[in-house]
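These are the residues of each chain, in order.
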Amino acid sequence: MKTSLFALLAGLMTLVPPALAQQPSDEDIAARIEKLVEMADPRGDEARKGDLPYRARYEKAFMIDALAVGSPGFESIDFLLKDWESLAGHYEENDFAAFSTTISNGSEGALAVLERIGDMQKWIEDNADRFTLATTVQHLREAKDAGKVAIMMNSQSMDMLDENLAYVQKYWDLGIRQMNFSYNQTGAYSAGMVANDPLIMDAGMTELGYKVVAEMNRVGMIVDCSHSSWQTCIDAAEITTKPMMISHSNSAALYDNYRNVSSEAIRAVAATGGVICVNFLGGFLNPQGSATPKSIAKHIDFIGQMVGKQATCFGVDYVENYGVALDPIIRNPEKYPPAQGYGLPTQMAPPSDVWAVARVLEEEHGWSADDILGLMGGNLMRLYEANWGE
């Protein structure tokens, strides 16, 4: 059986003790980034022209991406204003009704996050003819009717709470509508995905994490367990009083990667009335690093068959400034473990490939038009309404 470059490199990285691994030079990192960016696009613009008829067929779909990466000033990947405007423009050009964008992944404290939220709000106000900030389901519907793209805000870590429960209400008031426990690493609120290692298993939520979930339920903020340990998802599902989500993770049963989610955790989240949104990153889809529509559809269909198609959605996890973002990913292997796919050769499908993925599901997996409409956004709208109300 031929071993892929992705699988080979991932395996080699696990064999090199961190203390012995030589730090690559700036020149080596730059050359590596150039090659990684070159191979990232799974299809190309010419192939995407073939999606247009299918896109026209579902032109009235309420298309939502549950997780986009970045906001103006997003520090951990040096996300500049031009990157943000390019990302927002991509959703506008590709007929999305809404997307949820990440304000923080835990790389800074509350003061920096509050400033970034203010920058985001101002940008949306300055571009009110094209975009709107959505904090209610009604806002989402009104934006769609007005021909605007609705922007929602999320955080990929509870670290921005600074271990102060009062910040849950404050962030809610400022527009944050979903929040993860941790970004890969174990912290004050829960174990991160690194705890899915068989030698560490069963590490879940902390006492403080339980308190945060209760407070999130009270205000209506959606509990999200992507990047967390599988046990964290299970623990949260046991106590949440509202449907929760896995906003951008794939199935560990299909591809054994700690960043993916176990079937037990998927079932637990779905049992809350929640949703599981598949991401479009090849490094989390298969050993080959393939992010073709077929590769993505395979995970969505697997989850749909397991817990019901009403629990499926997209959480693309697209990185607009991929080349720039790779530098800190490569330089910080403890936060972005190479053995779990970070910084290795992989494809990364853009949000616009949702149309091609839906086509594969319909034509090759037998999904109905209603199933597709739910996947595109109907299932997320149900989750939003259950947490936020109208």
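Structure report, in brief. (Residues numbered from 1 in each chain as written. Predicted model: local features only at pLDDT ≥ 70, side-chain atom pairs only at ≥ 80, totals over all residues. Heavy atoms only, no water.)

### Here we look at the overall build of the chain
In step 1: For the chain, the count of helices and strands is 15 helices and 9 strands.
In step 2: Since a compact globule built from 390 residues should have a radius of gyration of about 21 Å, the 19 Å found for the chain is in line with a globular shape.
In step 3: Taken along the three principal axes of its C-alpha coordinates, the chain extends 55 × 50 × 40 Å.
In step 4: Sequence-distant contacts in the chain: of pairs separated by 6 or more residues, those separated by 24 or more amount to 76%.
In step 5: The averaged location of the 52 negative side-chain charges in the chain is 5 Å from the averaged location of its 30 positive side-chain charges. (Helix = DSSP H or I, 4+ residues; strand = E, 2+ residues; numbered from the N terminus. Rg over C-alpha atoms; globule rule 2.2 N^0.38 Å. Contact = heavy atoms within 4.5 Å. Lys, Arg positive; Asp, Glu negative; His and termini not counted. Charge placed at Lys NZ, Arg CZ, Asp CG, Glu CD.)

### Overview of the layout of surface pockets
In step 1: Volume-wise, the second largest pocket comes out at about 160 Å³.
In step 2: Lining the second largest pocket we find V37, A40, D41, D45, R48, H90, Y318, V319, E320, Y322, M348 and P350.
In step 3: Residues that form the lining of the second largest pocket fall into these classes: 7 nonpolar, 1 polar and 4 charged. (1 Å grid on protein atoms, 1.4 Å probe; cavity = no way out; pocket = protein on both sides within 12 Å on 5 of 7 lines; lining within 4 Å. Points joined across faces, edges and corners; volume = space filled by probe spheres on them. Nonpolar A, V, L, I, M, F, W, Y, C, P; charged D, E, K, R; others polar.)

### Thoughts on empty space enclosed by the protein
In step 1: This structure, assessed with the given rule, holds 1 cavity of 30 Å³ or more.
In step 2: In this model, the largest cavity occupies a volume close to 350 Å³.
In step 3: In the lining of the largest cavity, the residues fall into 14 nonpolar, 8 polar and 2 charged.

### Some words on the nonpolar core
In step 1: Judged by nonpolar contacts, the single largest core of 122 residues is most densely connected at L140, Y171, F314, L380 and Y384.
In step 2: The greatest single-element share of this core, amounting to 8 residues, is contributed by helix α15 (residues 369-388). (Core = buried A, V, L, I, M, F, W, Y, C linked by side-chain atoms within 4.5 Å. Buried < 20%, exposed > 50% of the residue type's maximum accessible area, 1.4 Å probe, protein only.)

### A closer look at the pairing of strand β1 (residues 64-68)
Successive residues of a regular strand alternate their side chains across the two faces of the sheet.
In step 1: When you tally the buried positions in β1, you get 5 out of 5 residues, the bulk of the element.
In step 2: Bridge count between β1 and strand β2 (residues 98-104): 3 bridges; the pairing is parallel. Each residue of the ladder has a partner; that of D65, found in β2, is F99. (Pairing = 2+ DSSP bridges.)

### Concerning the packing of aromatic side chains
In step 1: Going through the model one piece at a time under the given rule, you end up with 12 aromatic pairs.
In step 2: Between Y91 and F99, the aromatic rings sit 4.1 Å apart at their centres with planes inclined by 10°, giving stacked as the arrangement. For the pair Y91 and F99, a shared accessibility class is recorded, and that class is buried.
In step 3: With centroids separated by 5.6 Å and ring planes inclined at 25°, the aromatic side chains of Y167 and Y171 adopt a geometry described as stacked. Of this pair, Y167 and Y171 both sit in helix α8 (residues 166-174), separated by 4 residues, roughly a single helical turn.
In step 4: Residue Y167 is classed as buried on the basis of its relative accessible area of 18%.
In step 5: Through pairs of rings, three or more aromatic residues link up here, namely W84, Y91, F96, F99, W123 and F131.
In step 6: Over the aromatic face of W172 sits the side chain of R177, whose NZ or CZ is 3.3 Å from the ring centroid. (Phe/Tyr/Trp six-rings, centres within 6.5 Å; stacked < 30°, edge-to-face > 60°. Lys NZ or Arg CZ within 6 Å of the ring centre and 35° of its normal.)

### A short note on the packing of helix α12 (residues 293-307) against helix α14 (residues 354-365)
In step 1: Direction vectors running N to C along α12 and α14 enclose 65°, while the axes themselves pass 9 Å from each other. By the angle between their directions, the pair α12 and α14 is classed as roughly perpendicular. Helix-helix and strand crossings are classified by hand; for α12 and α14 the assignment is right-handed. Contacts between α12 and α14 involve P293, K294, I296, A297, I300 and D301 from the first element and A356, V357, V360, L361, E364 and H365 from the second. (Axes fitted to C-alpha atoms, helices over the stretch in contact; angles between N-to-C directions. Parallel < 35°, antiparallel > 145°, perpendicular 65-115°, else oblique. Left-handed = near helix turned anticlockwise from the far one by under 90°.)

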